[in-house]
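Summary of structural features
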Amino acid sequence: GSSSCTLCAAGYSSAAAGASACSACPSGTFKGAGAGACQPCPIKTYADEAGSSSCKFAEAGSFVNATGANATTLCPAGTSSSTASAECDPCGVGTFSVEGSSSCTACAAGFSSSAAGASACSPCPPGTSKGAGAGACEPCPVKTYADEAGSSACKFAEAGSFANATGANATT
């Protein structure tokens, strides 16, 4: 018999003391160089292949919220994540995202999302407007109006007419 033991390579471990062979660490686990057992990948990381010597960080737009993961989960629409995340963050008002997004996108001028976590934008209702960038649709100030949905700016009342309340969608 052999008078000395041989260390298993990184990503491999022996099943028990006195083992005669090394086997690959299962997916979801890893082992660096030297003696020891395969360890589960920590939260925010995963190992998608057997025999891993290290775990990979979850890519932007995905997350890992458990130890021993062998895959990531895509962020649902309306959320986003950066690299190495345990969860996805909801998009703010006036922004949206599709599944697997690493960032949220601002709604176009005249469009917004009314609540955080939106997967799409809607036109601003008449009487409101929104310029470019994130944010909510805002009521038109006194002396202005927006007679159409999806307005990027409120219009000033024409000569001979007036809009004497905020959020006007017509002039008098």
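Whatever comes next refers back to the structure up there.
What comes next concerns the included structure. (Residues numbered from 1 in each chain as written. Predicted model: local features only at pLDDT ≥ 70, side-chain atom pairs only at ≥ 80, totals over all residues. Heavy atoms only, no water.)

**Observations concerning the side chain of S112**
With respect to the secondary-structure elements, S112 resides in strand 13 (residues 111-112). S112 gets classed as buried once you look at its relative accessible area, which sits at 6%. With sequence-adjacent residues up to four places away left out, S112 is seen in contact with V93, G94, C107, C121, S122, K130, G135, A136 and C137. (Helix = DSSP H or I, 4+ residues; strand = E, 2+ residues; numbered from the N terminus. Buried < 20%, exposed > 50% of the residue type's maximum accessible area, 1.4 Å probe, protein only. Contact = heavy atoms within 4.5 Å.)

**What about the state of the cysteines?**
Scanning the model with the defined rule gives eight disulfides in all. There is a disulfide in this structure between C8 and C22, and the S-S distance comes to 2.1 Å. Here the S-S torsion is close to -85°, and the disulfide linking C8 with C22 is therefore left-handed. Pair noted here: C8 is in the segment before strand 1 (12-13) and C22 is in the loop between strand 1 and strand 2 (23-24), with a separation of 14 residues, a long-range link. Between the sulfur atoms of C140 and its disulfide mate C154 the distance is 2.1 Å. With the S-S dihedral at roughly -85°, the linkage between C140 and C154 falls on the left-handed side. Placement of the pair is C140 in the loop between strand 16 (138-139) and strand 17 (144-145) and C154 in the loop between strand 17 and strand 18 (155-156), with a sequence separation of 14 residues. Exposure class is identical for C140 and C154. Each is buried. (Disulfide = S-S within 2.5 Å.)

**So, the pattern of salt bridges**
Counting across every chain of the model gives two salt bridges. Across the pair K56 and D48 runs a salt bridge, and its minimum N-O distance is 2.9 Å. A residue is classified by how much of its surface remains accessible, and K56, at 38% relative accessible area, is partly exposed. Overall, the relative accessible area of 37% leaves D48 in the partly exposed class. (Salt bridge = Lys/Arg side-chain N within 4 Å of Asp/Glu carboxyl O.)

**Some words on the side chain of S80**
Along the polypeptide, S80 turns up in strand 9 (residues 79-80). Beyond its immediate sequence surroundings of up to four residues, S80 is in contact with C75, C88, D89, S101, S102, S103 and C104.

**Some details on the environment of E59**
One can find E59 in the loop between strand 6 (56-57) and strand 7 (62-63). C-alpha of E59 to C-alpha of G133: the two residues are 74 residues apart in sequence and 26 Å apart in space. Those residues within four positions of E59 in sequence are excluded, and the remaining contacts are Y46, T72, S81, S82 and T83. Of the polar contacts made by the side chain of E59, one reaches the side chain of Y46; its length is 2.6 Å. (Polar contact = N/O pair within 3.5 Å; in protein donor to acceptor, adjacent residues only side chain to side chain.)

**Topic: the environment of K130**
Secondary-structure assignment places K130 in the loop between strand 15 (128-129) and strand 16. Given the relative accessible area of 5%, K130 is considered buried. Excluding residues that lie within four positions of it along the chain, K130 makes contacts with C107, A108, A109, G110, F111, S112, C124, G135, A136, C137, S151 and S152. A polar contact of 3.5 Å, which involves the side chain of K130, links it to the backbone oxygen of A108.

**As for unusual backbone geometry**
Phi is positive for K44, which is not a glycine, with a value near 80°. Judged by relative accessible area, K44 falls into the partly exposed class, the value being 38%. Even without being a glycine, K143 presents a positive backbone phi close to 80°. By the secondary structure assignment, K143 is in the loop between strand 16 and strand 17.

**A look at the environment of A71**
Along the chain, A71 falls in the loop between strand 7 and strand 8 (73-74). Taking relative accessible area as the criterion, A71 reaches 42% and is therefore assigned partly exposed. Along the chain, A71 and S81 lie ten residues apart, while their C-alpha atoms are 16 Å from each other. Residues in contact with A71, not counting those within four places in the same chain, are Y46 and V64.

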